[in-house]
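Each chain, letter by letter, is given below.
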Amino acid sequence: MTTTTKPNQPAAEPGSGPARRRRRLARVVLLVVSLGTALLAGEFAARWQIEGSFLEAVDSILGLRTAAEPGGDANLVEDALLGFKLNPALPGVNSRGVRHAEFEASKPAGRFRVFLIGDSVGFPLDGFFHDVETSCRARSRHDLEFVNACVHGYTTYQERLFLERDLLPLAPDLVVLQYCVNDNFRFLHRLTSKGRRLVTPEAKNFLFPEGDGFWPWLTRSSYLVYSIRKLMLSSQAAEERAWQGIGRAAWTDATWPDEEEQVLSMRDSLRTIGARLVVLAVPHEDQLDADELARDAAFVLKPQRMLGEICARLSVPFVDVQPDLLPHRGEGLYLDRLHLSPSGHRLVGQRLAAFLDERHLVPID
């Protein structure tokens, strides 16, 4: 009888089978927990840095606030109605949050008062509104008063609230509403307790509008992911057109009924005191781009068309300075594609002054 000899079997390793699987599972769990802890720590650190303080970071997590890009500004203070306003404690800013001396209890007899309301485009005190004032004063013997009441970061909605609450009691005779393509929101920014402006969830949905899936939600919700994505896409963002980022709202039909509501409310509130409203549209630099205009001018200029149609329906004087800037494109009219350079301000000021003169909206002798 032949005996078959089995080859030597390797000795069983200690902890084989279930024990080994448990160790592997424990390592995976430890790795996931460590990674999760690191990500949570990074998220909290990002919120602390952006929000400005430990407590703000905690509050942003508990309140599920969305990620936002900081635009620090100690010149702003919170306002229950407006969200924020210029700090009245700053030199040159009065109790109403306007860069002007305190207004008299009542407007002096014979004075014609003109307000400019808008955002950072019209904000510079030496910008286009100053040029309009200089032009009008040089040709008029009337008592003219020009007040720049712009607040950087404001939208048309905030400008309407500001006008109706704070400026109407000052008896303006004419109000110029400066519009740009970032204005089609209720609130574009919110203010932290440290005075920093952060992009609102409403605006973030236009900045990252990819939908309602997990990745879009994470990008909008996580400060850490948002910061990393902005860093990775910084060069792309620099090339992003006005109608692709936050400015996309101005090219979205659903935002325009609300814009019309704001213009209508301002027109009607001013009419109650015998005053007039003028709407001024200042283009984004992309709206002067020859290639884009050749490709689809109707699309590129859609915000101005929509706003012009609103003003026509409401019988509100409307001036679009895009045609006036167009021949001078490439001449350094902008500082950063949105905000005007001194030469850009000068051209806008010339056009606005001529428009006010043509329509006899300011008394000129």
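None of the values given here were measured: they were computed from a predicted structure.

Rules behind the numbers
- Residues numbered from 1 in each chain as written.
- Predicted model: local features only at pLDDT ≥ 70, side-chain atom pairs only at ≥ 80, totals over all residues.
- Heavy atoms only, no water.
- Phe/Tyr/Trp six-rings, centres within 6.5 Å; stacked < 30°, edge-to-face > 60°.
- Helix = DSSP H or I, 4+ residues; strand = E, 2+ residues; numbered from the N terminus.
- Buried < 20%, exposed > 50% of the residue type's maximum accessible area, 1.4 Å probe, protein only.
- Lys NZ or Arg CZ within 6 Å of the ring centre and 35° of its normal.
- Right-handed = clockwise from strand over helix to strand, strands pointing away.
- Pairing = 2+ DSSP bridges.
- Axes fitted to C-alpha atoms, helices over the stretch in contact; angles between N-to-C directions.
- Parallel < 35°, antiparallel > 145°, perpendicular 65-115°, else oblique.
- Contact = heavy atoms within 4.5 Å.
- Core = buried A, V, L, I, M, F, W, Y, C linked by side-chain atoms within 4.5 Å.
- pLDDT = per-residue confidence, 0-100.

A few words now on the packing of aromatic side chains. Within this structure, the stated rule accounts for nine aromatic pairs. Taking the centre distance of 6.0 Å and the plane angle of 45° together, the rings of Tyr179 and Trp256 count as tilted. On the criterion of sequence distance, the pair formed by Tyr179 in strand E6 (residues 174-179) and Trp256 in helix H9 (residues 256-271) is long-range, its members being 77 residues apart. Judged by its relative accessible area of 3%, Tyr179 is buried. Aromatic pair Trp251 and Phe299: ring centres 6.3 Å apart, planes at 40°, arrangement tilted. Linking Trp251 in the loop between helix H8 (234-239) and H9 with Phe299 in helix H10 (residues 290-300), this pair joins segments that are 48 residues apart in sequence. Residue Phe299 is classed as partly exposed on the basis of its relative accessible area, which comes to 34%. Members of the aromatic cluster, connected to one another through ring pairs, are Phe84, Tyr154 and Phe162. The ring of Phe123 has Arg99 lying over it, and the distance from NZ or CZ to the ring centre is 3.6 Å.

Within strand E4 (residues 111-117), seven of the seven residues are buried, which leaves it mostly tucked inside the rest of the structure. Every second residue of E4 is oriented toward a common face, with Arg111, Arg113, Phe115 and Ile117 on one face and Phe112, Val114 and Leu116 on the other, all of them buried. What joins E4 to strand E5 (residues 143-148) is helix H3 (residues 128-138), and the crossover it makes is right-handed. Direction of pairing for E4 relative to E6: parallel, over a ladder of four bridges. The residue bridging Val114 from the neighbouring strand is Leu174, located in E6.

Two quantities define a packed helix pair, namely the angle between the axes and the distance from one axis to the other. Look at H10 against helix H11 (residues 302-314): their axes get within 7 Å of each other, and the N-to-C directions meet at 30°. As judged from the angle between their axes, H10 and H11 are roughly parallel. Side by side, H10 and H11 meet where Ala298, Phe299 and Val300 of the first sit next to Lys302, Pro303 and Arg305 of the second.

A separate point is the nonpolar core. The biggest cluster of nonpolar side chains holds 80 residues, and the ones touching the most others in it are Leu167, Leu277, Val279, Leu280, Leu325 and Leu356. Among all residues touching Leu280, those that are not within four sequence positions of it are Phe128, Val176, Leu177, Gln178, Tyr179, Val319, Val321, Val348 and Leu352. Ranked by size, the runner-up nonpolar core spans seven residues in total, among them Phe185, Val199, Phe206 and Ala249.

A word on the confidence of the model for the protein. Averaged over every residue, the pLDDT of the protein is 85; the share at 70 or more is 79%. Confidence drops under a pLDDT of 50 for residues 68-72, and excluding neighbours within four residues, the segment shows 19 contacts in the predicted structure.

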